[in-house]
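Fold and geometry: a report
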Protein chains: 2
Amino acid sequence: MLLSPSQENYLKAIYKLQEDDGIATNQALAAMVEATPASVTNMLRKLTDTGFVEYEAYQGATLTSAGRNQAVALVRKHRLWEVFLVDKLQYDWDAVHALAEELEHIGGDELINRLDAFLGHPGFDPHGDPIPNAKGVVRARQHAIAASEASVGGTFVVCGVKDSSSLFLQHLDKLNIALGKAYTLKECLEFDRSAVWTEQGGACTNVSNEVAKNVLIQLTDA
Amino acid sequence: MLLSPSQENYLKAIYKLQEDDGIATNQALAAMVEATPASVTNMLRKLTDTGFVEYEAYQGATLTSAGRNQAVALVRKHRLWEVFLVDKLQYDWDAVHALAEELEHIGGDELINRLDAFLGHPGFDPHGDPIPNAKGVVRARQHAIAASEASVGGTFVVCGVKDSSSLFLQHLDKLNIALGKAYTLKECLEFDRSAVWTEQGGACTNVSNEVAKNVLIQLTDA
DNA sequence: TAATTTTTTTAGCCCAAGCTAAAACCAAGC
DNA sequence: GCTTGGTTTTAGCTTGGGCTAAAAAAATTA
């Protein structure tokens with residue numbers, strides 16, 4: 001079965017919503033694919049007919065296993081193209097999403113597996129999100145927690161972000177926060193829960209709680 | 001003005017037809033974009049309205065300068081992606097056309113200029129066709145002639161093909177003919193105009209006239 | 001439970017890009 | 001100068017993906 005770019009986007013949206021909310025409401029989908037709820041109903045019908053989605057009126061949508069396979073394949077393509085754009089074409093990490101969104105609909109397994117090999121089978125994309133392998137297996141991130149959960153005195157490495165909007169990523173750039181960097185949580189202010197991080201051998205940064213909640217870290221015991 | 005992939009394909013088709021036939025008939029265009037002549041008429045109207053095509057009923061289509069710019073940009077994108085697929089992803093030269101056809105509609109100047117830089121500003125694609133630069137300037141191939149024009153005893157280097165169909169390219173593979181290789185034209189048979197080429201320091205190949213007409217060469221005086 | 005709000009669906013419409021079949025046009029050939 | 005054959009255009013239809021506005025269903029609140 002062959003899917004249009006639009007249909008692929010719906011599958012990916014359902015997949016993402018299921019991942020975190022558990023449930024893909026019509027309205028949430030509409031926001032995600034930038035269409036009206038009415039259009040979503042339409043499309044869910046079609047995807048049900050072609051066997052990618054399980055759906056009954058008013059009950060929300062879930063993916064069939066065929067649908068999930070498609071969605072995971074798309075996520076794989078998206079993330080590999082992001083790696084390509086950042087690693088090879090020197091794009092900034094906040095500028096690749098839209099392009100990857102276009103590229104992910106091109107070609108089939110052959111292309112993406114060759115791209116994967118060319119990039120050296122990367123495990124993570126430029127935002128720290130794991131890249132599903134050719135079989136569709138996604139390894140979850142290891143012991144990642146939100147930076148807002150760290151305790152004073154703890155050390156950690158930044159390994160991902162929850163929000164990968166351009167706006168947020170650029171903000172992290174300004175704070176000098178990047179994937180792979182190590183920090184110590186110096187203190188956490190009672191007043192607004194903002195925190196002070198010191199970079200290994202260097203500068204201090206003041207990190208608002210709002211930011212910390214969207215940064216993923218791994219604790220280190222050094 | 002923003003063009004759909006389909007519209008871009010029409011512009012490219014008109015450009016190609018103008019290049020060799022001089023004139024882009026409705027019928028030829030239909031064959032090229034895989035649509036009916038009626039659909040072509042439709043689209044030519046639209047492209048005329050948006051200022052990319054000059055067109056009056058029954059008179060055939062020509063590109064405006066805006067249209068030509070678009071077309072050249074597309075050719076550039078197409079050929080750069082072909083270089084990427086062959087050089088970086090190790091595709092065979094006969095397998096890249098369809099993929100490049102998809103990739104050429106992605107992104108804008110930024111992407112393609114970065115790709116160009118990443119590839120080292122190549123001058124030619126894997127079939128020997130010249131790649132227009134960022135300004136849209138296409139350098140014509142230097143003194144290239146069809147191999148069928150060579151004279152017995154002459155030496156030459158293969159620098160391009162006229163037919164870049166998968167079928168033809170695979171045939172050249174079987175004959176051990178590739179871009180950049182040097183040959184001497186040993187003899188040309190009266191009977192069917194087929195020729196015998198000897199590779200520098202190596203094997204003989206028997207090349208039919210039909211093949212020779214579709215291979216481009218540069219004469220060498222060594 | 002009843003009333004109200006929110007969410008989803010239905011109904012009917014639009015637009016892009018294609019199609020077929022029939023009509024109009026052009027270019028020869030007699 | 002007319003007829004004929006090929007090409008191009010017109011007219012009207014189809015399909016995919018969207019939209020709005022109104023109706024229906026579900027969820028929330030009183």
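So, here's what we can say about the structure.

Criteria and thresholds
Residues numbered from 1 in each chain as written. Chains lettered and ligands numbered in written order. Predicted model: local features only at pLDDT ≥ 70, side-chain atom pairs only at ≥ 80, totals over all residues. Heavy atoms only, no water. Near = heavy atom within 4 Å. Polar contact = N/O pair within 3.5 Å; in protein donor to acceptor, adjacent residues only side chain to side chain. Helix = DSSP H or I, 4+ residues; strand = E, 2+ residues; numbered from the N terminus. Nonpolar A, V, L, I, M, F, W, Y, C, P; charged D, E, K, R; others polar. Least-squares fit on C-alpha atoms with pLDDT ≥ 70 in both. Contact = heavy atoms within 4.5 Å.

Below, the discussion takes up the protein's contact with DNA strand D. Near DNA strand D there are 22 residues, and of these S4 and S39 of chain A together with N26, R45 and Y58 of chain B occur at the shortest range. If you look at DNA strand D and keep only atoms within 4 Å of the protein, 81% of those are sugar or phosphate atoms. Residue S6 of chain A places a side-chain N or O atom 3.0 Å away from a phosphate oxygen belonging to DNA strand D. Going through the elements one at a time, α1 (5-20) and α3 (37-49) of chain A together with α2 (26-33) and α3 (37-49) of chain B are the ones with two or more residues in the surface near DNA strand D. No other element matches the 5 residues that α3 of chain A contributes to the surface near DNA strand D. Partitioning the surface near DNA strand D into residue classes produces 10 nonpolar, 10 polar and 2 charged.

The environment of DNA strand C is formed by 22 residues, the closest being N26, R45, Y55 and Y58 of chain A together with S39 of chain B. In DNA strand C, the atoms that sit within 4 Å of the protein are 80% sugar and phosphate, with bases accounting for the remainder. S6 of chain B has a polar side-chain atom sitting 3.2 Å from a phosphate oxygen of DNA strand C. If one sorts the elements of the surface near DNA strand C by residue count, α3 of chain B sits on top with 5 residues.

Okay, the relation of the copies chain A and chain B next. Two chain copies here: they are related by a rotation about an axis and a translation along the same axis. Between chain A and chain B, which share one sequence, the superposing operator has a rotation angle of 180° and an axial displacement of 0.0 Å; the RMSD is 0.0 Å. Between the two chains, the operation in question is that of a two-fold axis. Looking at the rotation axis and the C-alpha trace of chain A, the residue lying nearest is L103 of chain A, at 3.7 Å. A shared interface surface links the copies, since 100% of the contact residues of chain A are contact residues in chain B too.

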